[in-house]
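Structure at a glance
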Amino acid sequence: MTFLEDATAMQGDLAELRKRLHGHPEIGLDLPRTQEAVLSALSGLPLEITTGTRTTSVTAVLRGGQREAADPKTVLIRGDMDALPVDEETGLDFASTNGAMHACGHDLHTTSLVGAAKLLCQHRDALKGDVVLMFQPGEEGFDGAGVMIDEGVLDAAGRRVDAAFGMHVFSSQLPSGVFTSRAGTVMSASHGLYVTVRGAGGHGSAPHRAKDPIAAAAAMITALQTMVTRTFDIFDPVVVTVGKFTGGTRRNIIPDTATFEATVRCYSEANSELLASSIRRAVEGVAASHGVDVEYRFDREYPTTVNTAAEVDFSADVVRNVLGEERYQDMPHPISASEDFSRVIAAVPGAFLGIGATPPGLDPDAAPMNHSPRADFDPAVLSDASAVYAGLAARRLDAFAEEVAS
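All figures in this text were calculated on a predicted structure; none of them were measured in a lab.

Details of the pattern of salt bridges
A full pass over the atoms with the stated rule returns 25 salt bridges. In this structure, R300 and E269 form a salt bridge, with 2.3 Å as the shortest nitrogen-oxygen distance. Of this pair, R300 sits in strand β13 (residues 293-302) while E269 sits in helix α7 (residues 269-290), and the two are 31 residues apart along the sequence. A relative accessible area of 39% means that R300 is categorised as partly exposed. Residue class for E269 comes out partly exposed when judged on its relative accessible area of 47%. Through salt bridges with shared partners, one network takes in E48, R63, R67 and D130.

Right under this line is the structure:
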């Protein structure tokens with residue numbers, strides 16, 4: 001099975017579907033318009049389709065024509081569908097105007113998975129097992145993968161999938177069309193920190209007669225940064241970034257409360273455990289020294305994304321065979337973004353790949369990055385990603401069949 005020629009022939013249709021999705025992005029677990037577009041694109045294909053009950057997910061199962069009836073092997077390929085609460089500033093003629101944006105490229109993921117579905121259906125008679133196509137809402141902080149796992153996506157074909165693959169496009173950092181991954185930890189765990197400091201308000205001219213929660217909260221933020229450098233091994237890094245700080249109404253009024261929120265990233269389960277106690281010590285210690293009260297919540301969100309070494313090697317071979325030797329490069333170290341696909345490949349062997357999609361003419365090192373309101377992606381990668389998705393599923397089933405035969 002060679003998928004690239006067929007994928008290239010459908011590039012125009014893929015680009016149009018991507019534009020349709022990009023112009024009407026939706027956030028979270030409830031993506032009715034996106035789900036409708038996916039179901040429409042899959043209409044008429046020989047797929048067993050189910051939709052989620054707690055989310056607008058789409059799960060499609062393709063039964064291969066050469067599957068082993070007694071014990072068919074199954075491969076899952078996944079594309080996430082949700083957008084971000086970002087006002088788009090790309091200037092594209094199909095840009096979103098509804099206050100949401102596909103600033104992380106999930107519209108390309110969804111489109112590429114649709115393309116893979118069509119390619120695999122065209123070659124259904126040659127497939128030596130089953131394929132589960134996982135169209136997932138809610139990756140951006142809503143744990144859509146966890147919801148779909150709870151609803152049975154890993155067993156959608158009637159038995160637990162044997163391998164799983166996912167991809168993510170990048171609007172910068174990588175040249176367009178170059179795939180990358182690594183064995184072991186490929187992406188960090190993600191946690192959320194929410195802190196409320198309660199003091200006693202007063203006049204800004206007499207801070208000694210108040211208990212200033214803003215000064216205490218600022219000291220906590222500094223203490224958290226010191227905690228990172230003095231508690232955690234630099235070779236097992238931790239990142240704490242405060243992205244939201246709220247407090248006060250006017251410059252000469254000391255408020256009663258101040259709040260801040262942070263994203264916390266790490267690369268090991270041991271550090272996830274250590275973070276909980278270290279954060280408590282830092283914020284409670286500063287609160288005591290300032291004479292204020294503190295309430296905080298440390299939410300453990302997505303675990304580290306850990307690739308199976310054998311599946312990474314297999315994925316690299318597929319990319320090289322489908323697209324060419326130069327189209328795959330090893331990722332030198334993990335990246336500090338996080339993914340709920342981590343839950344899938346914690347349950348079954350698999351691999352998560354990155355795809356460069358820097359627009360033509362832009363320097364990958366300087367182009368707006370994912371989540372920027374100016375992030376743009378090269379649509380030319382759609383056919384490549386579709387062909388690789390299909391190749392991963394079909395060739396992994398071939399490999400399973402060879403293992404059984406030997």
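Digging into α7
Here α7 contains 22 residues, and its C-alpha end-to-end distance of 32 Å stays within 8% of the 32 Å for a straight helix at 1.5 Å per residue. In α7, a bend of some 25 degrees at L275 exceeds every other bend along the element. On its buried face, α7 sits against β8 (189-198), α6 (213-231), β10 (238-247), β12 (257-266) and β13. Within two residues after α7, G291 carries a phi angle of roughly 70 degrees, on the positive side.

Describing the sheet that holds β13
A sheet is described by the order of its strands in space; here four strands give the open sequence β10-β12-β8-β13, paired in antiparallel fashion. In this open sheet, the two edge strands, each paired with only one partner strand, are β10 and β13. For this sheet, the mean angle separating the axes of adjacent strands, direction not counted, is 15 degrees. Here β8 runs beside β12; their pairing, made up of 10 bridges, is antiparallel. Bridge pairing in β12 links A189 to C266. Where α6 meets the sheet, its contacts fall on β8, β10, β12 and β13, and the angle it forms with β10 comes to roughly 175 degrees. Seen against the sheet, α7 touches β8, β10, β12 and β13 and runs at an angle of roughly 165 degrees to β13.

Quick word on the pairing of β8
For β8, the buried fraction is high: seven of the 10 residues fall into the buried class. Strand direction decides the pairing type here: β8 and β13, joined by nine bridges, are antiparallel. Among the inter-strand pairings, Y194 is bridged to a residue of β13, identified as R297.

Remarks on the packing of helix α3 (residues 32-42) against helix α4 (residues 106-122)
Interhelical geometry of α3 versus α4 gives an angle of 20 degrees and a closest axis separation of 10 Å. By the angle class used here, α3 and α4 are roughly parallel. Helix-helix and strand crossings are classified by hand; for α3 and α4 the assignment is right-handed. On α4, the residues touching V38, A41 and L42 of α3 are T110, V114, A117 and K118. For the contact of α3 with α4, the residue count by class is five nonpolar, one polar and one charged.

Some details on the UniProt feature "domain: Peptidase M20 dimerisation" (unreviewed entry) in the chain
Within this numbering scheme, the UniProt entry marks residues 191-286 as carrying the feature "domain: Peptidase M20 dimerisation" (unreviewed entry). Between the C-alpha atoms that bound residues 191-286 the distance is 21 Å, and the span itself is 39% helix and 33% strand.

Some details on the packing of α4 against helix α10 (residues 381-405)
The geometry of α4 relative to α10 is characterised by a closest axis approach of 8 Å and an angle of 55 degrees between their N-to-C directions. Between α4 and α10, the interaxial angle falls into the category oblique. The handedness of the crossing between α4 and α10 is right-handed. Facing L108, H109, T111, S112, L113, G115, A116, L119 and L120 of α4, the residues of α10 in contact are V381, L382, A385, S386, A387, Y389, A390, A393 and A394. When its residues are assigned to classes, the contact of α4 with α10 shows 13 nonpolar, five polar and no charged.

Comments concerning the environment of L113
Within the secondary structure, L113 is located in helix α4. Considered as a pair, L113 and A387 are 274 residues apart in the sequence and their alpha carbons are 9.5 Å apart. When near neighbours in sequence (up to four residues on either side) are disregarded, L113 contacts I77, R78, G79, L133, M134, F135 and Y389.

With respect to unusual backbone geometry
One non-glycine residue, Q173, lies in positive phi territory at about 80 degrees. Positive phi values are uncommon outside glycine, yet H371 reaches one of about 85 degrees. Residue classification places H371 among the partly exposed residues on the basis of a relative accessible area of 39%.

About the cut-offs
- Residues numbered from 1 in each chain as written.
- Predicted model: local features only at pLDDT ≥ 70, side-chain atom pairs only at ≥ 80, totals over all residues.
- Heavy atoms only, no water.
- Salt bridge = Lys/Arg side-chain N within 4 Å of Asp/Glu carboxyl O.
- Helix = DSSP H or I, 4+ residues; strand = E, 2+ residues; numbered from the N terminus.
- Buried < 20%, exposed > 50% of the residue type's maximum accessible area, 1.4 Å probe, protein only.
- Expected span 1.5 Å × (residues − 1).
- Bend = angle between axes of the 7 residues up to and from the residue.
- Contact = heavy atoms within 4.5 Å.
- Pairing = 2+ DSSP bridges.
- Axes fitted to C-alpha atoms, helices over the stretch in contact; angles between N-to-C directions.
- Parallel < 35°, antiparallel > 145°, perpendicular 65-115°, else oblique.
- Left-handed = near helix turned anticlockwise from the far one by under 90°.
- Nonpolar A, V, L, I, M, F, W, Y, C, P; charged D, E, K, R; others polar.
- UniProt positions renumbered as here; feature names shortened; annotations may be inferred.

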